[in-house]
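# Structural features, examined
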Amino acid sequence: MSAKQRVGGPIVKTLYTFYKIFGYKSVYYSLYFVVLYYFLFASNVRKALKKYYLKLEIKFTNKIFFKHLFNYALTTSDRFISKANPEDYTFLYKDRKVLLEDVKNGALIVSNHFGGWATASNYFNVENVKINVVMNEAMIKNAKEFEELLNKKNQDCVKIIDISKGSLATSIAIGNALLENESVAFMGDRALNEKYEYCLDFFNEKAYFNKNPFLIAYKTNKPIIALFVILKNTREYELLYKRIQLDKTKKEDVAIDIAMKQYVKALTNILKEYPLQWFNFYDFWEKK
């Protein structure tokens, strides 16, 4: 099982069945048994998180490890349940009107493998908002097949741009979306193409981030927004966002470097505040 992609299709389907029959509490308490398995046997994840907490200068204990895994399992379950039944959740936000204006007119959205990132579509389920998510659908085959079975109530606002169809098709799809004033979302903490990997200091060591959304924002003059969806409580999430300043008076490479450092600083600050919600289960600082 890959440490980078840990979507257990059969497990999620079973939990969703529990939810439909017995309610949310059955899912919540069943997760303890699921998490216990990974707690005992996912040694690669334990090793990666141990290094992560060392970077944050937080003592890594079994309690922290279990809680970290539990948060991941909970947000993964919420990803699917919230799409079928968003009314069962509380979604908090500040200055939503300002954010929606940018998104309605086409923006580059930089998300992260943090918190309830996969529930973010619930914040944009309003009229005239279209978000195109750039991802490799082949990597999330189980999740995709399961989502197609759901009666999703926010499906109209989200479309997928599948990079497995090739770089040319991906570029055309991104360009068409932006021309239609639709927004395009990328993962900032993981580049899906090596040519867009950009090295920056992250907790005092070099790590790689996704340059592509910043490059597109510079070329298209579209705003770029970093999003963080925080798990605040059971079935409660809060959306925080930061508009990244991209100085077009500077040369492309200089402007992008400055903008990406803003993003990494925002990510660093959010991880210091919510360390248990970082869901990159591999050595993020691995030398390349």
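Residues numbered from 1 in each chain as written. Predicted model: local features only at pLDDT ≥ 70, side-chain atom pairs only at ≥ 80, totals over all residues. Heavy atoms only, no water.

## Focus: the sheet that holds strand E8 (residues 224–233)
- What the 7 strands build is an open sheet, ordered E1-E9-E8-E2-E5-E3-E4; its pairing is mixed. Edge positions in the open sheet fall to strand E1 (90–93) and strand E4 (158–162), since each of these has one partner strand only. Strand-to-strand twist in this sheet, taken as the mean axis angle between neighbours without regard to direction, amounts to 30 degrees. (Pairing = 2+ DSSP bridges. Helix = DSSP H or I, 4+ residues; strand = E, 2+ residues; numbered from the N terminus. Axes fitted to C-alpha atoms, helices over the stretch in contact; angles between N-to-C directions.)

## Here's the deal with the packing of aromatic side chains
- Per the counting criterion, the structure on display carries 36 aromatic pairs.
- Ring centres of tyrosine 16 and tyrosine 19 lie 5.9 Å apart, and the angle between their planes is 35 degrees; on these two criteria the pair is classed as tilted. Residue tyrosine 16 and its partner tyrosine 19 are located together in helix H1 (residues 9–22), separated by 3 residues, close to a single helical turn. Grouping residues by exposure puts tyrosine 16 and tyrosine 19 together as buried. (Phe/Tyr/Trp six-rings, centres within 6.5 Å; stacked < 30°, edge-to-face > 60°. Buried < 20%, exposed > 50% of the residue type's maximum accessible area, 1.4 Å probe, protein only.)

## Considerations on a nonpolar patch on the surface
- A cluster of nonpolar side chains, contributed by Leu36, Tyr37, Leu40 and Phe41, occupies part of the molecular surface with about 450 Å² of accessible area.
- Looking at the element boundaries, phenylalanine 41 is found in helix H2 (residues 24–41). (Patch = residues over 30% accessible without salt bridge, like charges linked within 9 Å, V, L, I, M, F, W, Y side chains within 5 Å. Areas by Shrake-Rupley, 256 points an atom, 1.4 Å probe, with all protein chains shown as cover. Salt bridge = Lys/Arg side-chain N within 4 Å of Asp/Glu carboxyl O.)

## Things to note about the confidence of the model for the chain
- Per-residue confidence for the chain gives a mean pLDDT of 89; residues scoring 70 or more make up 90%.
- The secondary-structure element of the chain with the lowest mean pLDDT is helix H6 (residues 141–147), recorded at 53, while helix H9 (residues 252–273) shows the highest, at 98.
- Contacts for the low-pLDDT stretch residues 1–5, under 50 throughout, to residues beyond four places or in other chains number 11 contacts. (pLDDT = per-residue confidence, 0-100. Contact = heavy atoms within 4.5 Å.)

## Regarding the pattern of salt bridges
- This structure, assessed with the given rule, holds 9 salt bridges.
- Of the charged contacts in the structure, one is a salt bridge between lysine 159 and glutamate 182, with a shortest N-O distance of 3.2 Å. With lysine 159 in strand E4 and glutamate 182 in the loop between helix H7 (167–179) and strand E5 (183–187), this pair connects stretches of sequence that are 23 residues apart.
- With its nearest N and O atoms 3.0 Å apart, the salt bridge here joins lysine 261 to aspartate 257.

## Describing helix H8 (residues 212–220)
- Counting buried positions along H8 gives 7 out of 9 residues, so the element sits mostly inside the fold.
- Buried residues of H8: Asn212, Pro213, Phe214, Leu215, Ile216, Ala217 and Tyr218, and no others.

## Details of the environment of alanine 226
- Assignment of secondary structure puts alanine 226 in strand E8.
- Not counting residues within four places of it along the chain, the set of residues in contact with alanine 226 comprises Val110, Leu240, Tyr241, Lys242, Ile244 and Tyr263.

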